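# Topology and contacts: notes
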Amino acid sequence: MIRRFEIYRVAPDADDAGVAAFESACARCGRFIPEVLHSAVGWNRSDAPVQMVWEHAFASAEAYQRYMVHPYHADVLDRYLLADSPERVVVDDGLGAGLVGYSCDGPVFAMTGGLRRLVLLRLSRQASTAQVNDFERTLAGAAEADDLILSVVGANTLGSAWFDAVTPVGGRPRWTHLWEQGFVDTDGLASYRHGPSSLAEAERRGWQGVFDGLVERAVSLYYEIADPRPERG
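Note that the coordinates shown come from a computational prediction; the quantities given were computed from them, not determined experimentally.

About the cut-offs
Residues numbered from 1 in each chain as written. Predicted model: local features only at pLDDT ≥ 70, side-chain atom pairs only at ≥ 80, totals over all residues. Heavy atoms only, no water. Core = buried A, V, L, I, M, F, W, Y, C linked by side-chain atoms within 4.5 Å. Buried < 20%, exposed > 50% of the residue type's maximum accessible area, 1.4 Å probe, protein only. Helix = DSSP H or I, 4+ residues; strand = E, 2+ residues; numbered from the N terminus. Contact = heavy atoms within 4.5 Å. Phe/Tyr/Trp six-rings, centres within 6.5 Å; stacked < 30°, edge-to-face > 60°. Lys NZ or Arg CZ within 6 Å of the ring centre and 35° of its normal. pLDDT = per-residue confidence, 0-100.

## Some remarks on the nonpolar core
In this structure, F22, C29, W54, Y67 and L77 are the most contacted members of the largest nonpolar core, which totals 27 residues. Of all the secondary structure elements, the ones that give two or more residues to this core are β1 (2–10), α1 (16–27), β3 (52–58) and α3 (61–68). If you tally residues by element for this core, the top one is α1, at 4 residues. Once residues lying within four places of it in the same chain are set aside, the contact partners of F22 are Y8, M52, L77, Y80, L81, V89 and V90.

## Examining the packing of aromatic side chains
Under the criterion given, the structure shown has 12 aromatic pairs. Where Y8 meets F22, the ring centres are 5.2 Å apart and the plane angle is 70 degrees; that geometry is what we call edge-to-face. With Y8 in strand β1 and F22 in helix α1, the pair connects residues that are 14 residues apart, well separated along the chain. Each member of the pair, Y8 as well as F22, is classed as buried. When the ring of F22 is compared with that of Y80, the centres are 5.7 Å apart and the planes differ by 40 degrees; the resulting orientation is tilted. Taken together, the residues span a long stretch of sequence, with F22 in helix α1 and Y80 in the loop between α4 (71–75) and β4 (90–91) at a distance of 58 residues. Feature note: the residues W54, F58, Y64 and Y67 constitute an aromatic cluster, connected by ring pairs. Over the face of the ring belonging to F109 we find R3, whose NZ or CZ atom lies 4.0 Å from the ring centre.

## Things to note about the confidence of the model for the protein
Within the protein, residue pLDDT values average 89, and 90% of them lie at 70 or more. In the predicted structure, residues 161–169 sits below a pLDDT of 50 and forms 15 contacts with residues beyond four places in sequence or in another chain. The low-confidence segment residues 227–233 (pLDDT under 50) makes 8 contacts with residues lying over four places distant or belonging to another chain.

In structure tokens form, the structure reads like this:
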């Protein structure tokens, strides 16, 4: 399965009706493109310089390709995205996370409600495979962080087109890994972030002095996930 995020900065002068139409187009995408699974739209509540997050998934690479060439993508979604469209409601941002995602064996990321936190990480290119594997296992386990109801980590395999425009990193995506966290609510997130777990402590320290300097950079955002509703024709 392919897990995918599209993360947007809304244009300051974007029309409210246009933004609402874009949000609806993303949220309803699965009605028109059946390959789009686990689709939900959230609004970032952190101070990261982005606003809208569209999370979804595909059963396979072939399903992803069918989505990319589907008429709904070109005729509806692109109206709000492409730079030469008069209906565009988004602008470029400095986060370098417009499109990110990873592969997994199934919907291990699934949540029916609560708060999703997405941590974007860049690991050192000098890291060994063993170091990276150990780091991924530690984050995926997160057994000591009681407030975490979900913890999934994956290598960013969908970010190859989103290079760091200021400091090129040799063809690597700016963010090499994604860490999805789940919480019941904002109180749960706050309890984790100020709690005693070693992972929370590592985050508070900006990952300095932990994991042998493996993490070069990190940023996070979070948003609420609405309960799924049956779609009507």
